[in-house]
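Chain and residue survey
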Amino acid sequence: MSGVYLDYNASGLVRPEVQDVMAKALADNGNPSAVHAAGRRARARIETARAQVADLVGADPTAVVFSSGGTESNAQAILSAIAAGCERLIVGATEHPCVAEAAMASGKPVTMLPVDSRGVVDLNKLRQLLGQPGRAVVAIHHANNESGVIQPIAEAARLVRSAGGWLHVDAIQSAGKIPVDIRTLKGDSLTLSAHKLGGPQGVGALVMGEGREAVQMLHGAGQERGLRAGTENVPGITGFGTSAVCAARDLPMAQSHAAWRDAAEAVVKAAGAAVIGEGAERLPNTLFMAVPDWESPQQLITLDLMGLMVSAGSACSSGKTKPSRAIVATGRISLATGGIRISGGWGTVEDDWKRFAAAWVEAYAKHRARTAERQKADA
């Protein structure tokens, strides 16, 4: 790929190991429900991947339900909690839209859980909300997709469990970047997505906590133990499993991004940028920054022309000029349309971060100079 790719939180570049195993699976195609030799080989690939994905998050393989991606798995988790008797939902204010909108579409009452100025959920408010009538499913992501802010999941889990609720953890951004273990986090359900790990797009997983059961969302034949109908995407699932193995292997290396990120952060802050989530624990690969006088789309276009690929936060809303959910939730409204997210991954090197910082500072200085000239001409 030409240019510098710093948009791994949107979609990681597909790892060479993943490309290799997927090509082999494509060349040896068979329906995994068939009993003949090709079908048995396909089934073996799926079950191997199931164990690999389970290992990444400390789960039993039987707890893993493969899906078309994180959006589907998040929706299935919410429906499973409601089927288990939850009567209302408490959703973190900075959750991904697929979680927030699935909650709104559930037909159950939804209350937003506020965050502080750093983007960390308010545990005291959670305690108060859990004290209200009705069992609640609480949805808090492990790490925010825009800012990279890491949430106090284990502490939240203790509160939710003591109230008899269900904690759903969207770990799509955190897996492969920091340790994720469903037993340590004490989540009742957890979701993953292959393409955040360097796997293919269009494959995800719902992981159920001990004693919890998923409900069927897609109906038809009995695939995924009757929990997800439809012929399995064998090459995609195979790639997912390999990406999980690679992500676990590379986890110590992922921490090296923090120093590179921090150095770039210091440069852009000196030039006038604000760092969203500053002061909170964050993913080591993520920098979410904003300025009040240069909108996100213009920054992205300028940087792209300079050979740098970053995003405006949530990839699902890229290209749309609208306020950042993560920034609005922290109360910094003046910055809400000027945020950009820089995120590294398995193929990123230190020089990529340096190039980004230098390019952004240069571009921002030119933008401000042009703005000053226009204002002078209009005066």
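Here the structure is shown first, and the text comes after it.
This write-up is about the structure you can find in this document. (Residues numbered from 1 in each chain as written. Predicted model: local features only at pLDDT ≥ 70, side-chain atom pairs only at ≥ 80, totals over all residues. Heavy atoms only, no water.)

1. Here's the deal with the packing of aromatic side chains
Scanning all chains against the criterion turns up 5 aromatic pairs. With a centroid separation of 5.4 Å and 70 degrees between ring planes, the pair formed by Tyr 5 and Tyr 8 is classed as edge-to-face. Looking at Tyr 8, the relative accessible area reads 4%, which means it is buried. Joined through ring pairs, the aromatic side chains of Trp 294, Trp 360 and Tyr 364 make up one cluster. (Phe/Tyr/Trp six-rings, centres within 6.5 Å; stacked < 30°, edge-to-face > 60°. Buried < 20%, exposed > 50% of the residue type's maximum accessible area, 1.4 Å probe, protein only.)

2. A few points about the state of the cysteines
Taken as a whole, this structure holds 0 disulfides when the rule is applied. As a non-bridged cysteine, Cys 86 has Cys 98 as the owner of its nearest cysteine sulfur, 18 Å distant. (Disulfide = S-S within 2.5 Å.)

3. A closer look at unusual backbone geometry
If you check the backbone angles, Lys 186 has positive phi at about 65 degrees while not being a glycine. One can find Lys 186 in the loop between helix H7 (182–185) and strand S7 (189–193). By relative accessible area, which is 38% here, Lys 186 ends up partly exposed. Of note in this structure, Glu 224 is not a glycine but carries a positive phi near 50 degrees. (Helix = DSSP H or I, 4+ residues; strand = E, 2+ residues; numbered from the N terminus.)

4. Focus on the pattern of salt bridges
Tallied over the entire structure, the rule returns 22 salt bridges. One salt bridge in this structure joins Arg 228 and Glu 72, with 2.8 Å as the shortest N-O distance. With Arg 228 in the loop between strand S8 (204–208) and helix H8 (234–249) and Glu 72 in helix H3 (residues 70–83), this pair connects stretches of sequence that are 156 residues apart. (Salt bridge = Lys/Arg side-chain N within 4 Å of Asp/Glu carboxyl O.)

5. Some details on the side chain of Asp 352
With respect to the helices, strands and loops of the structure, Asp 352 is situated in helix H13 (residues 350–378). It is Arg 355 that comes nearest to the buried, bridge-free Asp 352 among opposite-charge side chains, at 5.2 Å. The contact partners of Asp 352, leaving out residues within four places of it in the chain, are Val 4, Leu 6 and Gly 347. (Lys, Arg positive; Asp, Glu negative; His and termini not counted. Contact = heavy atoms within 4.5 Å.)

6. Things to note about the environment of Val 99
Residue position: Val 99 is located in helix H4 (residues 97–104). Each C-alpha atom of the pair Val 99 and Thr 71 lies 7.5 Å from the other, and the pair is 28 residues apart in sequence. Setting aside its immediate chain neighbours within four residues, Val 99 contacts Asn 74, Ile 78, Val 91, Ala 139 and Asp 170.

7. A look at the sheet that holds strand S12 (residues 339–343)
In space, the 3 strands of this open sheet follow the order S9-S10-S12, with antiparallel pairing throughout. Where the open sheet ends on each side, the last strands, each with one partner, are strand S9 (274–275) and S12. Where strand S10 (residues 286–290) and S12 come together, 5 bridges link them in antiparallel fashion. Looking at S12, one finds that Leu 287 is bridged to Ile 342. (Pairing = 2+ DSSP bridges.)

8. Quick word on the side chain of Glu 232
Residue placement: Glu 232 occurs in the loop between S8 and H8. The exposure class assigned to Glu 232 is buried, which follows from its relative accessible area of 10%. Polar contacts involving the side chain of Glu 232 include one to the side chain of Arg 43, which spans 3.1 Å. Ignoring sequence-local partners within four residues, the contact set of Glu 232 consists of Pro 32, Arg 43, Ile 46, Gln 223, Glu 224 and Ile 237. (Polar contact = N/O pair within 3.5 Å; in protein donor to acceptor, adjacent residues only side chain to side chain.)

9. As for the packing of helix H2 (residues 37–56) against H8
H8 packs onto H2 with a crossing angle of 30 degrees between their chain directions and a minimal axis gap of 8 Å. As far as their axial angle goes, H8 and H2 are roughly parallel. When the axes of H2 and H8 are compared, the crossing they make is left-handed. Contact with H2, carried on its side by Ala 42, Arg 45, Ile 46, Ala 49, Gln 52, Val 53 and Leu 56, involves Val 234, Ile 237, Thr 238, Phe 240, Gly 241, Thr 242, Ala 244, Val 245, Ala 247 and Ala 248 of H8 and no other residues of that element. (Axes fitted to C-alpha atoms, helices over the stretch in contact; angles between N-to-C directions. Parallel < 35°, antiparallel > 145°, perpendicular 65-115°, else oblique. Left-handed = near helix turned anticlockwise from the far one by under 90°.)

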